[in-house]
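# Report on the structure
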Amino acid sequence: MSIPRPEHPKMQFYRPDWVNLNGEWSYEFDFGKSGIERGLQKSAGFAGKIIVPFCPESPLSGVGHTDFIESMFYQRALEIPAAWNGRRILLHFGAVDYTAVIYLDGVEVGRHSGGSISFTIDLTRHVEAGKSYNLVVHVLDDQRSFVQPFGKQCPKFQSCGCSYTRVTGIWQTVWLEAAGIQGLKKCRIVPEFDRGAFGFLPEYFEERPGNTLTVRILAAGREVAAETVPASAWGPFSVTVPEPRAWSPEDPFLYTIVFEVKNASGELLDRVESYGGLRKIHVEGDRLFLNNKPLFLRMVLDQGYYPDGVWTAPSDEALVRDIELSMAAGFNSARLHQKVFEERFHYHADRMGYLTWGESACWGLGWTRSQWYTQDRYTGVFNFLREWRETVERDANHPSIIAWTPLNETERPVDLDFYRGVMTEVYDLTRQVDPTRPVNDTSGYQHVKTDLWTVHLYRKDAAELKEALTPAGGGVWHTSPDHEVPYAGQPYLNDEFGGFMYIPPERAKFAANTWGYHGLDLKSPEELCAKIAEQVDYMLTVPNLSGYCYTQLTDVEQEQNGLYNYDRTAKVPEGMLKAIFGKSPEWAK
């Protein structure tokens, strides 16, 4: 059987010595949560078979169990290549929802909590090159505790409203990698657009006197700049690029960046390939600027769900296809919604010039919405802050990401003072980890401390949209005036609107609870496009509006209000959507 999702998952940090661990694993559900007592962590194989990296709820996993799974075990053999003797051995997980405890031959070697973000277990002290081990992963996923974020996974048995099929366990690529013992652990790459340079902040597994780091920057295969510095935690440094070429949607040029760690004798200890784009995103008054030019965002809401893989794209080509579909419809950007997208998506967005906003899967946290209220709010806050920090740290090098949205539609908090305190901390943490991008503290409402003023205005026609978006007394829309802070002149964006349902005549409703906004059931592509166009055309005339986001790119299960069907086939003849979404206001041209 061929390996599913065989491509390298982390092109921002590529080493040639790696092994893809996707494919058939054995598994056992542990509904009674007694697996550890029964010794399942020592198992050499379970009766069930599952295809990794697809979650057990998905058809592609070969399992298709869609009820709640609060505990399960995975197992496979793990062979360490003999050629990796003397190297650092790293076991990477793209994402496991929610807590993963890793065992080798029955002994715990690491654990991680956070269902959306990648993590690494250093196996160097636990394994020897040329030997085989029994790898077991114990997964715990208590979604209904409301202290762990779960995004759009449904907290009820059946998908309903804006919530869909759940995701449990491994849902992104698992891989093994060999690195240098004293090699590069990670490196922040910061585009210094105005200086024509890249800034670097490296971190190493181990440090030794005399070790050096050489950074080589290549343009179209030709070295254009290089710098050698001590391989120590002495601080950041910059490398100037001659005749710099900007990264932009029109010209998404990427520089190849090669890192080489050497010892005092000049021996190569580690080599990593990466890339970077020279671009700048900043706010001036009520406008966004990309590379010092005013930017109007024509965004689409992309939830990253797939009918066969749920949160996991069935192939690398499927990730590319989603970007292509969006661009073909006229969008220049996407709000990646209630899901931390895998790094391959960001890689393709980088090379295709597709702007995005990064967002957490925050729904499900009791401290953010009264409907999920739990008295154990501190655990939820801790879980969110930890996972969000890891998300920003992992994805900060991607030039296509131009803003962060930590949370979405926080409303009716039980304790307003507590909520405002946490939201202030969320904003400050985000800016501390990455001061180079604006932060949309909570998409739509209720704002506390934010660089962008975003609203969600689902209205059935342009007249109702105008009434809300441009209040008669001036200013901007406030969803909850008594709970939100005053508007302070930030860029103003309608980052959710539309949601009109049109089901082509050859298609059926996904389920009995299929829906679209306003209860409208449009009957033709022309009717759909007319409904959208009147609202888009109006927003292009609003002088203080910096962008919009249409809901949504594709149907997702019972929410059949996408511009494309759930299987990514067209609803509308080619060109009709681009004629609407491909337009920008005069000031942004």
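First things first, this report covers the structure right here in the doc. Predicted model, so just to flag it, every value in this text is computed and none were measured. (Residues numbered from 1 in each chain as written. Predicted model: local features only at pLDDT ≥ 70, side-chain atom pairs only at ≥ 80, totals over all residues. Heavy atoms only, no water.)

In spatial order, the strands read β3-β2-β4-β10-β7-β8; together these 6 strands make up an open sheet with antiparallel pairing. Strands at the two margins of the open sheet, each flanked by one partner only, are β3 (48-52) and β8 (107-113). Direction aside, the axes of adjacent strands within the sheet are offset by 30° on average. Bridging between strand β7 (residues 99-104) and β8 involves 6 bridges; their strand directions are antiparallel. Within β8, the position partnered with A100 by the bridge is H112. (Pairing = 2+ DSSP bridges. Helix = DSSP H or I, 4+ residues; strand = E, 2+ residues; numbered from the N terminus. Axes fitted to C-alpha atoms, helices over the stretch in contact; angles between N-to-C directions.)

A separate point is the packing of aromatic side chains. All chains considered together, the criterion is met by 31 aromatic pairs. Here W388 and W404 contribute two aromatic rings whose centre-to-centre distance is 5.9 Å and whose plane-to-plane angle is 90°, an arrangement assigned as edge-to-face. With W388 in helix α3 (residues 377-395) and W404 in strand β26 (residues 401-405), this residue pair connects regions lying 16 residues apart in the sequence. Connected via pairs of aromatic rings, a cluster forms that spans F296, F331, F497, Y548, Y550, F581 and W587. Over the ring of F68 we find R166; its NZ or CZ atom is 3.8 Å from the centre of that ring. The lysine or arginine in question, R377, covers the ring of F418, its NZ or CZ lying 4.0 Å from the ring centre. (Phe/Tyr/Trp six-rings, centres within 6.5 Å; stacked < 30°, edge-to-face > 60°. Lys NZ or Arg CZ within 6 Å of the ring centre and 35° of its normal.)

Axis separation between α3 and helix α4 (residues 416-433) bottoms out at 10 Å; the angle between their running directions is 20°. The angle between α3 and α4 falls in the class roughly parallel. Judged by the sense of rotation from one axis to the other, the crossing of α3 with α4 is right-handed. Side by side, α3 and α4 meet where R377, Y378, V381, F384, L385, W388, R389, V392 and E393 of the first sit next to F418, V422, E425, V426, L429, T430 and V433 of the second. Along the lines of polarity and charge, the residues of the contact of α3 with α4 split into 11 nonpolar, 1 polar and 4 charged. (Parallel < 35°, antiparallel > 145°, perpendicular 65-115°, else oblique. Left-handed = near helix turned anticlockwise from the far one by under 90°. Contact = heavy atoms within 4.5 Å. Nonpolar A, V, L, I, M, F, W, Y, C, P; charged D, E, K, R; others polar.)

The next thing to look at is the nonpolar core. Counting 49 residues, the largest nonpolar core has L469, I532, Y550 and F581 as the members making the most contacts within it. Looking at this core, the element that brings in the most residues is helix α6 (residues 525-539), giving 7 residues. Not counting chain neighbours up to four residues away, the residues in contact with L469 comprise V455, L457, G475, W477, Y492, N494, Y538, M539, V542 and L545. In this structure, W84, I121, V139 and V174 belong to the second largest nonpolar core, which totals 32 residues. (Core = buried A, V, L, I, M, F, W, Y, C linked by side-chain atoms within 4.5 Å. Buried < 20%, exposed > 50% of the residue type's maximum accessible area, 1.4 Å probe, protein only.)

Here the focus is α6. Here α6 is 15 residues long and its end C-alpha atoms lie 21 Å apart, about the 21 Å a rise of 1.5 Å per residue gives. Within the span of α6, buried status applies to P525, L528, C529, I532, A533, Q535, V536, Y538 and M539. Looking at the packing, one finds that the buried side of α6 touches α5 (462-469), β30 (492-498), β31 (545-551) and α7 (578-581). (Expected span 1.5 Å × (residues − 1).)

Approximately 1200 Å³ is the volume attributed to the largest pocket. Lining the largest pocket we find 40 residues, and of these K10, K185, K186, E393 and R394 sit closest to its centre. Elements that contribute at least two residues to the lining of the largest pocket include exactly β5 (88-93), β8, β9 (119-122), β12 (174-179), β13 (184-192), β14 (197-204) and α3. Among the elements that make up the lining of the largest pocket, the one with the highest residue count is β13 (6 residues). Here the lining of the largest pocket is composed, by residue class, of 17 nonpolar, 9 polar and 14 charged. Of the pockets and cavities examined, the second largest pocket occupies roughly 510 Å³. Lining the second largest pocket are 23 residues; nearest its centre among them are P249, E250, L290, L295 and N332. Ranked by residue count, the leading element in the lining of the second largest pocket is strand β22 (residues 293-295), at 3 residues. Of the residues that constitute the lining of the second largest pocket, the class distribution is 11 nonpolar, 7 polar and 5 charged. (1 Å grid on protein atoms, 1.4 Å probe; cavity = no way out; pocket = protein on both sides within 12 Å on 5 of 7 lines; lining within 4 Å. Points joined across faces, edges and corners; volume = space filled by probe spheres on them.)

In this model, helix α1 (residues 316-328) (13 residues) spans 19 Å end to end at C-alpha, consistent with the 18 Å of a helix rising 1.5 Å per residue. Within the sequence span of α1, burial applies to D316, A318, L319, V320, D322, I323, L325 and S326. G330 occupies a position one or two residues after α1 and carries a positive phi of about 100°.

From the geometry alone we can't say anything about function, so treat these as descriptive.
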